[in-house]
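Analysis of the macromolecular model
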Amino acid sequence: MKRILAYRFSAFGDVAMTVPVFREFLEQNKDVEVIFVSRKNFADLFDDVPNLKFHGVDFDQYKGLIGIRRLGREILNLYKPDYVADFHDVIRTKLIDSIAKRHGYKVFKIDKGKEEKEHLTDVWNLDKIQLKRTVERYADILRSMGYQLELSQELRSRVSNRQGVGFAPFAQHKGKMLPIEKSYELVKHLAKHDKVYFFGGGKEESEILLRWETEIPNTQSLAGKLPLKEELDLIARLKLMICMDSANMHLASLMGTRCVSIWGATHPYAGFLGYGQSLDDVVQVKDLTCRPCSVFGDKECYRGDYACLEELHVQQILDRI
């Protein structure tokens, strides 16, 4: 059996997107084992992937250049892979790449499409086109090793009886988040027909969602209350998840749950739509030529008014449901 050592250390959503790729790859290539190295708190994402071993890392134990070099030597000596795959291509992983090359390995890397994405997010570019999806960029790494891989882009439902709606109103950056008063209004409409479960993290977010729970009947905040595995099990039983362009969209994809996603400064054209999710379930202001102005939503608004989010109406979201 051939062994692939792969690694990505980045944000939750980016790592979550590797899961369906590895699942379908290992189903189609049963003579392969994958060792995936990432942050240790992401382990539950990979629970049911066949022939995949998750190696969790606490980066407090591998600080600085010396620490990352030590990590690289450890995982190469421990697993002695046949192939090495860099799913991240940042300074940390480049260091591990260099160690692998010195040990005689060929390193297969992701093509992030940086120039394409810079062109896509140029506010003066009026010719916006769909770029390769991130999951396909992941798949290309494995294909470059000589393996066959066809991604189904299908949601795999895990339960037959679904109930309740999940709502994750927060995002890491302002350019990706619906104004909070609109989210509140949306919840009031949703809770008239379904139990609404709130997802979030951090003290401030948890306090806001706990207040909403007390003010809006038929709602429950789960922010900070469940370990990841239990949160994933609950998402699997929802009939719908509603969220921003955020990690919760990718968690819904992993659990086979349909997701209505809300996009502001970012755009599905950059390739980050959840695996198996439909463009028909994307809510966005389509007639703003400045969109997308950012791949990750972390730039200041070019216009200064965040029209991409301020001009979104709650009814547009309700219409998708």
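Look above for the structure.
As a starting point, this report considers the structure included with it. (Residues numbered from 1 in each chain as written. Predicted model: local features only at pLDDT ≥ 70, side-chain atom pairs only at ≥ 80, totals over all residues. Heavy atoms only, no water.)

Okay, the pairing of strand E10 (residues 259-262) next. Across the two faces of E10 the burial is the same, with Cys 259 and Ser 261 and Val 260 and Ile 262 all buried. Bridging between strand E9 (residues 240-244) and E10 involves four bridges; their strand directions are parallel. By the bridge assignment, Ile 242 is partnered in E10 with Val 260. Between the parallel pair E9 and E10, the chain is carried across by helix H10 (residues 247-254), and the sense of this crossover is right-handed. Pairing between E10 and strand E11 (residues 282-283): two bridges, direction parallel. Bridging from a neighbouring strand, Ile 262 pairs with Val 283 of E11. (Buried < 20%, exposed > 50% of the residue type's maximum accessible area, 1.4 Å probe, protein only. Helix = DSSP H or I, 4+ residues; strand = E, 2+ residues; numbered from the N terminus. Pairing = 2+ DSSP bridges. Right-handed = clockwise from strand over helix to strand, strands pointing away.)

Moving on, we get to H10. Most of H10 is tucked away: seven of the eight residues are buried. Along H10, the residues that are buried comprise Asn 248, Met 249, His 250, Leu 251, Ala 252, Ser 253 and Leu 254. In the core, the buried residues of H10 are packed alongside helix H1 (12-16), helix H2 (18-28), strand E6 (165-168), helix H9 (228-237), E9 and E10. Once H10 finishes, Gly 256 follows within two positions and takes phi at roughly 75 degrees, a positive value. (Contact = heavy atoms within 4.5 Å.)

Turning to the sheet that holds E9, a few remarks are in order. Read from one edge of the open sheet, six strands run E8-E7-E6-E9-E10-E11, paired in parallel fashion. The open sheet has two free edges, formed respectively by strand E8 (219-221) and E11, since each of these has just one partner strand. Contacts from helix H7 (residues 180-190) reach E6, strand E7 (196-198), E8 and E9 within the one sheet, and its direction differs from that of E6 by about 175 degrees. Sitting on the sheet, helix H8 (residues 203-215) is in contact with E6, E7 and E8, with an inclination near 155 degrees to E8. (Axes fitted to C-alpha atoms, helices over the stretch in contact; angles between N-to-C directions.)

Omega for the bond connecting Arg 291 with Pro 292 falls within 30 degrees of zero, at -10 degrees, which places this linkage in the cis form. Structurally, Pro 292 is set in the loop between E11 and helix H11 (307-310). Within the chain, Asn 51 stands out as a residue other than glycine whose phi angle is a positive 60 degrees. Relative to the helices and strands, Asn 51 resides in the loop between strand E2 (32-39) and strand E3 (52-57). One non-glycine residue, Asn 218, adopts positive backbone phi at about 70 degrees. Mapped onto the elements of the fold, Asn 218 is located in the loop between H8 and E8.

A word on the packing of H2 against helix H6 (residues 134-143). With their axes 9 Å apart at the nearest point, H2 and H6 run at an angle of 40 degrees to one another. Considered as vectors, H2 and H6 are oriented oblique to each other. As H2 packs across H6, the resulting crossing turns out to be right-handed. Counting all contacts with H2, which are made through Thr 18, Val 21, Phe 22 and Phe 25, the residues of H6 involved are Val 135, Tyr 138, Ala 139 and Leu 142. Looking at side-chain class alone, the contact of H2 with H6 contains seven nonpolar, one polar and no charged residues. (Parallel < 35°, antiparallel > 145°, perpendicular 65-115°, else oblique. Left-handed = near helix turned anticlockwise from the far one by under 90°. Nonpolar A, V, L, I, M, F, W, Y, C, P; charged D, E, K, R; others polar.)

One pass over the structure, following the stated rule, counts 17 aromatic pairs. Both rings, one in Phe 36 and one in Phe 46, keep their centres 5.0 Å apart while their planes meet at 35 degrees; by these two values the pair is tilted. One end of the pair, Phe 36, is in strand E2; the other, Phe 46, is in the loop between E2 and E3, and ten residues separate them in sequence. Taken individually, Phe 36 and Phe 46 each receive the classification buried, so the pair is uniform in this respect. Geometrically, the ring pair formed by Phe 36 and Phe 87 is edge-to-face, given 6.4 Å between the ring centres and 85 degrees between the ring planes. Taken together, the residues Phe 36 in strand E2 and Phe 87 in the loop between strand E4 (83-86) and helix H4 (91-102) connect sequence positions 51 residues apart. (Phe/Tyr/Trp six-rings, centres within 6.5 Å; stacked < 30°, edge-to-face > 60°.)

Before going further, it helps to spend a moment on the sheet that holds E2. Two pairing modes exist for strands in a sheet, parallel and antiparallel, and in both the strands are linked by backbone hydrogen bonds. Overall, parallel pairing links the five strands, which are arranged E3-E2-E1-E4-E5 in an open sheet. Unpaired on one side and paired on the other, E3 and strand E5 (107-109) mark the two borders of the sheet. For this sheet the average axis-to-axis angle between neighbouring strands, irrespective of direction, equals 20 degrees. Where E2 meets E3, six bridges bridge the pair, whose relative direction is parallel. Each residue of the ladder has a partner; that of Val 37, found in E3, is His 55.

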